[in-house]
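Each chain, written out:
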Amino acid sequence: MTLLVKDIISYLIPPAEAIHHTVDTLKFGNENTPITGIAVTFMPTYEAIERTIEQHANLLICHEGLFYKHLDDPLPIHDKVYQAKKQRIKETNLNIFRLHDHIHRIEPDQITYGLITKLEWQPYIIEHKTESSIVSLPKQSLYQVITDLKDKLNLSHVRYTGDLNQSCQRIGLFVGYRGGSHQTLSLINQYNLDLVICGEGPEWETPEYIRDARYIGENRGLIVIGHMESEEPGMRAVAQQLSEAFQEVPVFFIRNKTALSMI
């Protein structure tokens, strides 16, 4: 039986689980196209598109948007970057499907759970919340947690605030852009968290709260690992799941390079 683009979409989003007003749609292509190969990535960069084409795959599944805005609104028609990217997709007949809302709404959130699995923290889960997960690790220093993160996620650096020697046990995980105070502060107090690990968030919110908390003697810490770095493991898990479910076509994962360099 020929595998079509719509078969993969139905597998990822069963019709009964479809939600309204979602960004999870086929952005380019035709759902009746036979699949030659599947690429999965976090960010559909121009480079990720080229690597998909090089691998002779014609379906790219991404987590974030093609054109630098969450709601996938196109850029002005005269924008050179927008036009070049759009033209390359169309001339190669590439099908691009975005998987964002549904994977976050599965319980537990599969993007967060992908990070937990990559860190091998499943035995330490206390509770999964809608936009976070709480774990209780064996006591260790902030430095040890940072070292573990960098090793398991293959990170060259992280950003942090706190004392590298402070004790960490109760940890809140907030992937992607969930590091704002409206998401972190209530759980810091509810669970008496020693440490918050997030992808990113406003720098004048949670980081400043942690700084003031430490000033008055609270044992608090924060590690910021990056939006992509926190959510990529969840998309890598999608690629693994697809490779096991659809062995008749090649499936591969494309890891994005970080967009920002350190100097």
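The structure reproduced in this document is the subject of the present report. On a predicted model such as this, the values are computed, not experimentally measured, just so you know.

### Comments concerning the pairing of strand E8 (residues 167-174)
- When strand E6 (residues 133-141) meets E8, the two strands line up antiparallel, connected through 6 bridges. Paired with Ile-134 across the bridge in E8 is Gly-172.
- Alignment of E8 against strand E9 (residues 195-198), held across 4 bridges, turns out to be parallel. Bridged to Gly-172 within E9 is Val-196.
- With helix H7 (residues 181-190) bridging E8 and the parallel E9, this β-α-β connection has right-handed handedness.

### Considering the packing of aromatic side chains
- A complete count under the given rule lists 4 aromatic pairs for this structure.
- On the basis of an interplanar angle of 75° and a centroid distance of 6.5 Å, the ring pair of Phe-28 and Phe-67 is categorised as edge-to-face. Of this pair, Phe-28 sits in strand E1 (residues 26-28) while Phe-67 sits in the loop between strand E3 (59-62) and helix H3 (80-91), and the two are 39 residues apart along the sequence. A single burial state applies to Phe-28 and to Phe-67, both of which are buried.
- Ring centres of Phe-67 and Tyr-68 lie 6.5 Å apart, and the angle between their planes is 75°; this geometry places the pair in the edge-to-face category.
- You can call Phe-67 buried: its relative accessible area is 7%.
- Here a set of aromatic residues connected by ring pairs shows up, and it is made of Phe-28, Phe-67, Tyr-68 and Tyr-82.

### Comments concerning the state of the cysteines
- Tallied over the full model, the rule gives 0 disulfides.
- In this structure Cys-168 is not part of a disulfide, and its nearest cysteine sulfur, from Cys-198, lies 14 Å away.

### Observations concerning the side chain of Thr-184
- Looking at the element boundaries, Thr-184 is found in helix H7.
- Residue Thr-184 is classed as buried on the basis of its relative accessible area, which comes to 0%.
- Within the structure, Thr-184 has its side chain in polar contact with the side chain of Thr-206 (distance 2.8 Å).
- Excluding residues that lie within four positions of it along the chain, Thr-184 makes contacts with Phe-174, Arg-178, Gly-179, Val-196 and Thr-206.

### Points about helix H5 (residues 110-119)
- Considered for burial, the residues of H5 that qualify are Ile-111, Thr-112, Gly-114, Leu-115, Ile-116 and Leu-119.
- In this fold, the buried residues of H5 make contact with helix H4 (101-105), strand E5 (125-128), E6, helix H6 (142-153), E8 and helix H9 (227-245).
- Structurally, the start of H5 carries an N-cap: the backbone nitrogen of Ile-111 is 2.8 Å from a side-chain oxygen of Asp-109.
- The first or second residue beyond H5 is Glu-120, which carries a positive phi of 65°.

### Section: the nonpolar core
- Grouped together as the largest cluster of nonpolar side chains are 44 residues, with contacts concentrated most on Ile-8, Ile-38, Ile-61, Trp-121, Ile-197, Ile-223 and Leu-242.
- In contact with Leu-242, not counting residues within four places along its chain, are Ile-8, Tyr-11, Leu-12, Ile-38, Val-40, Ile-61 and Val-251.
- By size, the runner-up hydrophobic cluster in this structure holds 14 residues, among which are Cys-62, Phe-67, Tyr-82 and Ile-254.

### Let's talk about H9
- With 19 residues, H9 extends 28 Å from end C-alpha to end C-alpha; this agrees with the ideal 27 Å at 1.5 Å per step.
- Of the residues making up H9, those classed as buried are His-227, Met-228, Glu-229, Ser-230, Glu-231, Glu-232, Pro-233, Gly-234, Met-235, Val-238, Ala-239 and Leu-242.

### Concerning unusual backbone geometry
- Here the amide bond leading from Glu-107 into Pro-108 is cis, since omega sits at -5°, within 30 degrees of zero.
- With respect to the helices, strands and loops of the structure, Pro-108 is situated in the loop between H4 and H5.
- One non-glycine residue with positive phi stands out, namely Asn-93, at about 55°.
- You will see that Glu-120, though not glycine, has its phi angle at about 65°, which is positive.
- Mapped onto the elements of the fold, Glu-120 is located in the loop between H5 and E5.

The rules behind each value
Residues numbered from 1 in each chain as written. Predicted model: local features only at pLDDT ≥ 70, side-chain atom pairs only at ≥ 80, totals over all residues. Heavy atoms only, no water. Pairing = 2+ DSSP bridges. Helix = DSSP H or I, 4+ residues; strand = E, 2+ residues; numbered from the N terminus. Right-handed = clockwise from strand over helix to strand, strands pointing away. Phe/Tyr/Trp six-rings, centres within 6.5 Å; stacked < 30°, edge-to-face > 60°. Buried < 20%, exposed > 50% of the residue type's maximum accessible area, 1.4 Å probe, protein only. Disulfide = S-S within 2.5 Å. Polar contact = N/O pair within 3.5 Å; in protein donor to acceptor, adjacent residues only side chain to side chain. Contact = heavy atoms within 4.5 Å. Core = buried A, V, L, I, M, F, W, Y, C linked by side-chain atoms within 4.5 Å. Expected span 1.5 Å × (residues − 1).

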